Amino acid sequence: MDNSKKSSAQLESPLANNAIGQDSNLNQLLQENRLLKTTLDEILTSAQQNQATQEKFYALELYFLESQSYTSLLDRILIDLPQRLRLVQVELFLLDSDQEIQRQMNEIYQDLDYPNLHYIDNRTKLEAYYTDGIKLNLSQDSTVIRRLFNHSATRSLSVAQLPLIRGHQLIGSLHLGSQDFNRFHAGLAVNFLQHLASIISVCIENCINQEKYVHLSLVDILTRAKNRRYFFQALAREIARASRSMSPISCLFIDIDHFKQINDQKGHLTGDLALKAVVQSISPLLRRSDVLARFGGEEFTVLLPECRSSTALEIAERIRENIQQMEIADHIGHLFSLTASLGVSTWNPQAQHLQSAEAIQNYLINTADKAVYAAKQAGRNCIKHLISA
Ligand SMILES: Nc1nc2c(ncn2[C@@H]2O[C@H](COP(=O)(O)OP(=O)(O)OP(=O)(O)O)[C@@H](O)[C@H]2O)c(=O)[nH]1
């Protein structure tokens, strides 16, 4: 019996051992499975986070690419970007060697004011922001942060410095400051930021060029007054506004007297100088909403929105006096002066009904034109204001 029991226990023992072995294998498998699942979950979460970040950056890039103008791009970089990326500070440095960008933008947008936009007048100064070579730079060093934010009081604890490069040349530098010390650190993956820098560089270059071409098509190259095309666009806009607000609108025609003689006696280049000087003498007398345009040759127009006839006459008189008092140097330094004849027209919607915008435009232009002719007939260097066509 004992033997049989023994033999049966002996028979059972490998089975029991087997069962125990299988249990521990199963446990190990389950444990490995759990570990694998945790790792997979982590990978999935990280992939989802990466995808979300990538989508956020794609959306951001598209948002920059859709900018229609220089100002809308600057708004997006300097005002929206800090909100979208939770940054405390964004500063943009742009290379503007001949101050060409500033001059052009001031002519287009008279009141451009972005405290966080800095124009740098030479490349060496811009490159000096990159002490470690021109590459994307992430730092938590307070000295670096203060230097990148022009030593201004900064709340940033970490910074990303993005070089803006076009045609292998540094055109600007974008500095992103975060209040989170761990936001921008040396170990961070930078491909998103690098891509963002490339997109912003392209957008800046495109916007500046686009504005330049539009601007050139609306400006008189010699005098930098607006051209005839711009004048007519502005006139249509202001007529629509005046019709809605029932406010008067005035127009001045300014024609330089005996200009042919200046050209004949002193040469065309001196004539050109005189035209520029006329524009410079008129511009300071006008409001921001007024439009001074070169209508053609030696004839200029001024559009005066919300301006009644008595005010238009006062402005015309100041312009006449300013032109008369000017002293212009010819090519050998001899001073000469000139005079102009002015015609004034006013349309007051409250006093005069005209059928269409076109009728109002024709009335303003034809009346001012006739008034100039009347001023020439009256002996020049004077102003005429015709009340009706
Ligand atoms: N230098 C220069 N001259 C110009 C330009 N455009 C037009 N002119 C000249 O302006 C002169 C205009 O002459 P006119 O139309 O006879 O008029 P005016 O001599 O001013 O005589 P009034 O208008 O009757 O006082 C012409 O000699 C044109 O060649 C320009 O861009 N530069």
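Conventions and cut-offs
Residues numbered from 1 in each chain as written. Predicted model: local features only at pLDDT ≥ 70, side-chain atom pairs only at ≥ 80, totals over all residues. Heavy atoms only, no water. Pairing = 2+ DSSP bridges. Helix = DSSP H or I, 4+ residues; strand = E, 2+ residues; numbered from the N terminus. Axes fitted to C-alpha atoms, helices over the stretch in contact; angles between N-to-C directions. Contact = heavy atoms within 4.5 Å. Core = buried A, V, L, I, M, F, W, Y, C linked by side-chain atoms within 4.5 Å. Buried < 20%, exposed > 50% of the residue type's maximum accessible area, 1.4 Å probe, protein only. Near = heavy atom within 4 Å. Polar contact = N/O pair within 3.5 Å; in protein donor to acceptor, adjacent residues only side chain to side chain. Areas by Shrake-Rupley, 256 points an atom, 1.4 Å probe, with all protein chains shown as cover. Nonpolar A, V, L, I, M, F, W, Y, C, P; charged D, E, K, R; others polar. Salt bridge = Lys/Arg side-chain N within 4 Å of Asp/Glu carboxyl O.

### What about the sheet that holds strand β12 (residues 383–385)?
In spatial order, the strands read β7-β8-β6-β11-β12; together these five strands make up an open sheet with mixed pairing. Each edge of the sheet is formed by a strand with only one pairing partner; in this case those strands are β7 (291–296) and β12. Neighbour-to-neighbour, the strand axes of this sheet turn through a mean angle of 20°, independent of strand direction. Sheet topology places β7 next to strand β8 (residues 299–305); five bridges connect them, and they run antiparallel. Each bridged residue has a counterpart across the sheet, and for Gly-296 the counterpart in β8 is Glu-299. Against the sheet, helix α7 (residues 228–245) contacts β6 (249–256), β7, β8 and β11 (340–347), and its axis sits at roughly 130° relative to β7.

### Structural notes on the nonpolar core
The biggest cluster of nonpolar side chains holds 37 residues, and the ones touching the most others in it are Phe-64, Tyr-70, Ile-77, Leu-92, Leu-174, Leu-176 and Ile-204. Of all the secondary-structure elements, those providing two or more residues to this core are α1 (2–65), α2 (70–84), β1 (89–95), α3 (100–108), β4 (158–166), β5 (169–178) and α6 (191–216). With nine residues, α6 is the single largest residue contributor to this core. Discounting chain neighbours no more than four positions away, the residues touching Phe-64 are Leu-73, Arg-76, Ile-77, Leu-81, Leu-196, Ile-199, Ile-200 and Cys-203. Ala-225, Ile-315, Ala-316 and Ile-383 belong to the second largest nonpolar core, which has 31 residues in total.

### Concerning the site of the ligand
What surrounds the ligand is a group of 17 residues, the closest being His-258, Phe-259, Asn-263, Asp-272 and Arg-294. With respect to the ligand, the backbone of Lys-260 contributes an N or O atom lying 2.8 Å from an oxygen atom. Within the side chain of Asn-263, a nitrogen or oxygen atom sits 2.8 Å from a nitrogen atom of the ligand. Protein coverage of the free-state accessible area of the ligand, which is 670 Å², stands at 67%. Counting only elements with at least two residues in the shell around the ligand, the list comes to β6, α8 (259–266) and α9 (268–282). Among the elements that make up the shell around the ligand, the one with the highest residue count is α9 (four residues). By residue class, the composition of the shell around the ligand is four nonpolar, five polar and eight charged.

### Concerning the pattern of salt bridges
Under the defined criterion, the tally for this structure stands at 13 salt bridges. Here Arg-166 makes a salt bridge to Glu-205, at a shortest N to O gap of 3.0 Å. Here Glu-205 lies in helix α6 and Arg-166 lies in strand β4, a separation of 39 residues in the sequence. By relative accessible area, Arg-166 is classed as partly exposed at 30%. Take Glu-205: its relative accessible area is 30%, and that puts it in the partly exposed class. Among the salt bridges present, the one from Glu-238 reaches Arg-241, with a minimum N-O distance of 2.9 Å.

### Points about the environment of Arg-147
Relative to the helices and strands, Arg-147 resides in helix α5 (residues 142–148). Sequence separation of Arg-147 and Leu-26 is 121 residues, and the distance between their C-alpha atoms is 61 Å. Engagement of the side chain of Arg-147 in a polar contact is seen with the backbone oxygen of Tyr-129, the distance being 3.3 Å.

### Brief notes about the environment of Arg-224
Counting through the fold element by element, Arg-224 comes out in the loop between α6 and α7. A relative accessible area of 31% places Arg-224 in the partly exposed class. Residues Arg-224 and Gln-280, 56 residues apart in the sequence, show an inter-C-alpha distance of 9.4 Å.

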